[in-house]
Amino acid sequence: MRHIEAFIMKYLMTFVVLFIVLGIAFGVQVGDIALIALVVGVLGYIGDLVIYRRTSNKIATAGDLVLSFAAIWLLLMALVENPDFSPFWAALSSAVLIAAGEWFFHIYLSKRLFGHKETSHTLKHEPKRY
């Protein structure tokens with residue numbers, strides 16, 4: 001149940017960002033936005049479960065930035081016929097805002113899904129002993 005809750009939260013965050021950037025600023029249809037948000041959400045959530053658990057918030061957020069940009073750019077080029085805007089810049093601006101939200105989503109995942117009471121920026125790392 002926690003996975004469903006977390007995925008819905010991720011999807012809604014992604015949809016809102018894409019609606020503001022792609023829908024309002026670039027005039028992309030809501031159906032296309034919903035599909036793009038679903039693809040980015042599924043791929044990103046799988047990436048969060050694999051990458052974020054094994055690395056840090058910075059690396060996972062950078063991965064989300066690259067993944068979001070590539071997916072949005074490719075889907076815009078496939079779904080929008082003869083756009084009167086640059087799919088590259090629309091995808092880049094969307095991906096940057098999604099990545100900003102992902103930083104906080106990863107903290108939520110740490111606390112809610114993975115059961116860590118502390119997040120990566122509050123942990124005190126023990127010095128390595130050789």
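Residues numbered from 1 in each chain as written. Predicted model: local features only at pLDDT ≥ 70, side-chain atom pairs only at ≥ 80, totals over all residues. Heavy atoms only, no water.

**Student:** I'm lost on the overall build of the protein in this one. Help?
**Tutor:** Each helix and strand counted, the protein has 4 helices and 0 strands in total. The buried share of the protein, reckoned over its 130 residues, is 38%. When contacts within the protein are restricted to residue pairs at least 6 apart in sequence, those whose partners lie at least 24 apart make up 71%. Put simply, the protein shows about 8100 Å² of open surface, and 68% of that area lies on carbon and sulfur atoms. (Helix = DSSP H or I, 4+ residues; strand = E, 2+ residues; numbered from the N terminus. Buried < 20%, exposed > 50% of the residue type's maximum accessible area, 1.4 Å probe, protein only. Contact = heavy atoms within 4.5 Å. Areas by Shrake-Rupley, 256 points an atom, 1.4 Å probe, with all protein chains shown as cover.)

**Student:** How should the packing of aromatic side chains be read in this particular structure?
**Tutor:** In this description, an aromatic ring pair is defined by two values, namely the gap between the centres and the angle between the planes. This model, assessed by the stated rule, comprises 9 aromatic pairs. Of the aromatic side chains, those joined through ring pairs into one cluster are Phe69, Trp73, Phe88 and Trp89. (Phe/Tyr/Trp six-rings, centres within 6.5 Å; stacked < 30°, edge-to-face > 60°.)

**Student:** It is not clear to me how the nonpolar core should be interpreted in this structure. Could you clarify?
**Tutor:** Soluble, globular proteins show a tendency: their nonpolar side chains are buried together. Among the nonpolar cores identified, the biggest contains 20 residues, and Leu18, Leu22, Val28, Ile36, Ile72, Leu76 and Phe85 are the most heavily contacted of them. Of all the elements in the fold, those that place two or more residues in this core are helix 1 (2–25), helix 2 (30–54), helix 3 (57–79) and helix 4 (87–113). In terms of residue count, the dominant contributor to this core is helix 3 (5 residues). Excluding its chain neighbours within four sequence positions, the residues that come into contact with Leu18 are Gly23, Ile33, Ile36, Ala37, Ile72, Ser94 and Ile98. Among the nonpolar cores identified, the runner-up in size contains 9 residues, and Ala6, Tyr52, Tyr108 and Phe114 belong to it. (Core = buried A, V, L, I, M, F, W, Y, C linked by side-chain atoms within 4.5 Å.)

**Student:** Help me out: how do you make sense of the packing of helix 2 against helix 4 in this one?
**Tutor:** A pair of packed helices is captured by two measures, namely the crossing angle of their axes and the spacing between those axes. Look at helix 2 against helix 4: their axes get within 12 Å of each other, and the N-to-C directions meet at 65°. The angle between helix 2 and helix 4 falls in the class roughly perpendicular. The crossing of helix 2 and helix 4 is right-handed. Mapping the contact onto sequence places Tyr45, Asp48, Leu49 and Tyr52 in helix 2 and Glu102, Phe105, His106, Ile107, Leu109, Ser110 and Leu113 in helix 4. (Axes fitted to C-alpha atoms, helices over the stretch in contact; angles between N-to-C directions. Parallel < 35°, antiparallel > 145°, perpendicular 65-115°, else oblique. Left-handed = near helix turned anticlockwise from the far one by under 90°.)

**Student:** Mind showing me how you'd approach the confidence of the model for the protein here?
**Tutor:** The share of residues in the protein with pLDDT of 70 or more is 88%, and the mean pLDDT across the chain is 89. Mean pLDDT values over the elements of the protein span from 93, in helix 4, up to 96, in helix 3. (pLDDT = per-residue confidence, 0-100.)

**Student:** Would you explain the side chain of Ser110 in this entry?
**Tutor:** Tracing the sequence through the fold places Ser110 in helix 4. According to the relative accessible area criterion, Ser110 is buried, its value standing at 5%. In terms of polar contacts, Ser110 uses its side chain to reach the side chain of Tyr52, at 2.9 Å. (Polar contact = N/O pair within 3.5 Å; in protein donor to acceptor, adjacent residues only side chain to side chain.)

**Student:** Please clarify how helix 1 should be interpreted in this entry.
**Tutor:** Taking 1.5 Å per residue, 24 residues should reach 34 Å; helix 1 reaches 33 Å between its end C-alpha atoms and fits that length. At Phe19, helix 1 shows its maximal bend, which comes to roughly 30°. Within helix 1 the residues assigned to the buried category are Ala6, Lys10, Met13, Thr14, Val17, Leu18, Val21, Leu22 and Gly23. Packing partners of the buried residues in helix 1 comprise helix 2, helix 3 and helix 4. (Expected span 1.5 Å × (residues − 1). Bend = angle between axes of the 7 residues up to and from the residue.)

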